[in-house]
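Coordinate analysis (summary)
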Amino acid sequence: AFIVTDNCIRCKYTDCVEVCPVDCFYEGPNFLAINPDECIDCALCEPECPAGAIFSEDELPDGQDVFVELNRELALIWPNITEKKDALPDAAQWDGVEDKLEHLER
Ligand code: SF4
Ligand code: F3S
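Computed from a predicted model, the values in this text were never measured in an experiment.

All residues adjacent to ligand 2 are V4, C8, K12, Y13, T14, D15, C16, L32, C49, P50, A51 and I54. A class-by-class count of the residues in the shell around ligand 2 yields 9 nonpolar, 1 polar and 2 charged.

What follows is the structure in structure tokens.
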């Protein structure tokens, strides 16, 4: 499956959801999660993310392993999202800030 990782937090640009052929993105307050059981590994979402936050599970950057289980867990709790919306207001300031996990809202 593909995984949404740290740099989505507090940005949530949502460009990713528009290209997903199986609509497997789920929306929290300041992060999106992919349901790994629904993702068909098409890779279309990866280049769409302006924050570069989406990776194949097989190519996760160092330190991002925690997001594998987080995507699975949160996708089951949060509502589905299929249409792009405005990014969070401070997205530009938070894009590229490291280790935003402490800011994740549920
Ligand atoms: Fe959706 Fe394809 Fe991205 Fe999986 S890899 S989340 S199926 S767009
Ligand atoms: Fe997040 Fe990137 Fe999608 S910032 S909402 S994974 S476009």
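Looking now at a negative patch on the surface. Together, D41, E57, D58, E59 and E69 make up a region of like negative charge exposed at the surface. If you trace the backbone, E57 turns up in the loop between β4 (54-56) and α2 (66-77).

Our focus in this paragraph is the layout of surface pockets. One number sums up the size of the largest pocket: a volume of about 170 Å³. Lining the largest pocket are 13 residues, and of these T5, D6, N7, F55 and Q64 sit closest to its centre.

Here we take up the nonpolar core. The biggest cluster of nonpolar side chains holds 35 residues, and the ones touching the most others in it are F25, F31, I34 and I54. Elements with a contribution of two residues or more to this core: β1 (2-4), α1 (15-19), β2 (25-27), β3 (32-34), α2 and α3 (91-94). In terms of residues, this core owes the most to one element, α2, which gives 5 residues.

What follows deals with the pattern of salt bridges. Considering all chains together, one arrives at 5 salt bridges under this definition. For E27, the salt bridge is made with K12, and the minimal N-O distance between the two is 2.8 Å. You can see E27 sitting in strand β2 and its partner K12 sitting in the loop between β1 and α1, a full 15 residues away along the chain. E27 sits in the buried class, given a relative accessible area of 15%. Taking the relative accessible area as the measure of exposure, K12 reaches 6% and is therefore buried. Of the charged contacts, one joins R72 and D37 as a salt bridge, the two residues approaching to 3.2 Å between their closest N and O atoms.

We now examine the site of ligand 1. In the region of ligand 1, the neighbouring residues are F2, C20, P21, V22, C24, F25, I34, C39, I40, C42, A43 and C45. Here the residues of the shell around ligand 1 are counted per class, giving 12 nonpolar, no polar and no charged.

Conventions we followed
Residues numbered from 1 in each chain as written. Chains lettered and ligands numbered in written order. Predicted model: local features only at pLDDT ≥ 70, side-chain atom pairs only at ≥ 80, totals over all residues. Heavy atoms only, no water. Near = heavy atom within 4 Å. Nonpolar A, V, L, I, M, F, W, Y, C, P; charged D, E, K, R; others polar. Patch = residues over 30% accessible without salt bridge, like charges linked within 9 Å, V, L, I, M, F, W, Y side chains within 5 Å. Areas by Shrake-Rupley, 256 points an atom, 1.4 Å probe, with all protein chains shown as cover. Salt bridge = Lys/Arg side-chain N within 4 Å of Asp/Glu carboxyl O. Lys, Arg positive; Asp, Glu negative; His and termini not counted. Charge placed at Lys NZ, Arg CZ, Asp CG, Glu CD. Helix = DSSP H or I, 4+ residues; strand = E, 2+ residues; numbered from the N terminus. 1 Å grid on protein atoms, 1.4 Å probe; cavity = no way out; pocket = protein on both sides within 12 Å on 5 of 7 lines; lining within 4 Å. Points joined across faces, edges and corners; volume = space filled by probe spheres on them. Core = buried A, V, L, I, M, F, W, Y, C linked by side-chain atoms within 4.5 Å. Buried < 20%, exposed > 50% of the residue type's maximum accessible area, 1.4 Å probe, protein only.

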